[in-house]
Amino acid sequence: MSLKVLGISTSPRLKGNSDLLLREALAGAESAGAQVEYLRLCDLKIGPCVECNCCYTTGKCRVEDDYQIVLEKMLDADRLIFATPIFFMTVCSQAKMLIDRGQCLWASKHILKKPLFETGQRDRRAMIIAVGGSKSTKQFDSIRLTMKAYFDVLDIKYVANLFVNKVDARGAIKTHPSALKEAFRLGKELASADTPLPEKPIDVMLT
Ligand SMILES: Cc1cc2nc3c(=O)[nH]c(=O)nc-3n(C[C@H](O)[C@H](O)[C@H](O)COP(=O)(O)O)c2cc1C
């Protein structure tokens, strides 16, 4: 059976740089025989965590919006590619709203002691794509930390990242062939069933 790969584009900018890299990565995954799905967060209604802490007793988020749809898809996927522009040294607010809603998973696991998956560990792997306009490389550290914490609550292994900086104008990534090539390559590798699990995340930084 082919692997299910979900790509989540969080940029508010239509056909933005991180979005274009995500599409390349998904094309790479498809070339490896995966079943791919693309989601753009801005097409959905996802609000922030309101810190009601209801999930501490139910394990579920009580905010009613499209979050459950995205969560279901994320839990069903074998591979996740999460793409974000860098805003003020970290993920964009659309991405952060989705991430913070993951508190219900954290509560379910750590407070209610309910495992996310009933039948043991699944081989789930995730990759990050992030694009910034500045020359800072320090900003990638905050992306790494936040995404690692999020992938941990999702029970998915952080296996690769593609970080690109000095790309600012919309679509400027199209003139960065090595970034497009790397996105395709990493997407293909992520979706190849026989790729061994790396000991630490494959770290591709184009600076
Ligand atoms: C609100 C805002 C904050 C930004 N902050 C940063 C930043 O901290 N570091 C950086 O390198 N670029 C920053 N940028 C530039 C974007 O990261 C850059 O334009 C990127 O290519 C956008 O990706 P996208 O087209 O996928 O949305 C910022 C842009 C906006 C609109």
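Below is a summary of the structure that appears in this document.

1. Things to note about the overall build of the protein chain
Link 1 in the chain: Looking only at helices and strands, the protein chain has seven helices and seven strands in total.
Link 2 in the chain: Taking 2.2 N^0.38 as the reference for a compact globule, 207 residues should give roughly 17 Å; the C-alpha atoms of the protein chain span a radius of gyration of 16 Å, in line with that estimate.
Link 3 in the chain: When its C-alpha atoms are laid out on the principal axes, the protein chain stretches across 50 × 40 × 30 Å.
Link 4 in the chain: In the protein chain, which comprises 207 residues, the proportion classed as buried is 47%.

2. As for the site of the ligand
Link 1 in the chain: Around the ligand sit 17 residues, and of these Ser11, Ser18, Ile86, Val167 and Asp168 come closest.
Link 2 in the chain: Residue Ser11 places a side-chain N or O atom 2.6 Å away from an oxygen atom belonging to the ligand.
Link 3 in the chain: In the environment of the ligand, an oxygen atom lies 2.8 Å from a nitrogen or oxygen atom belonging to the backbone of Ser134.
Link 4 in the chain: Contact with the protein chains hides 77% of the accessible area of the ligand, taken as 640 Å² for the molecule alone.
Link 5 in the chain: Breaking the shell around the ligand down by element, the ones donating at least two residues are helix H1 (17-31) and strand E3 (79-87).
Link 6 in the chain: With three residues, the single largest contributor to the shell around the ligand is E3.
Link 7 in the chain: When grouped by side-chain class, the residues that make up the shell around the ligand number seven nonpolar, eight polar and two charged.

Definitions and limits used
- Residues numbered from 1 in each chain as written.
- Predicted model: local features only at pLDDT ≥ 70, side-chain atom pairs only at ≥ 80, totals over all residues.
- Heavy atoms only, no water.
- Helix = DSSP H or I, 4+ residues; strand = E, 2+ residues; numbered from the N terminus.
- Rg over C-alpha atoms; globule rule 2.2 N^0.38 Å.
- Buried < 20%, exposed > 50% of the residue type's maximum accessible area, 1.4 Å probe, protein only.
- Near = heavy atom within 4 Å.
- Polar contact = N/O pair within 3.5 Å; in protein donor to acceptor, adjacent residues only side chain to side chain.
- Areas by Shrake-Rupley, 256 points an atom, 1.4 Å probe, with all protein chains shown as cover.
- Nonpolar A, V, L, I, M, F, W, Y, C, P; charged D, E, K, R; others polar.

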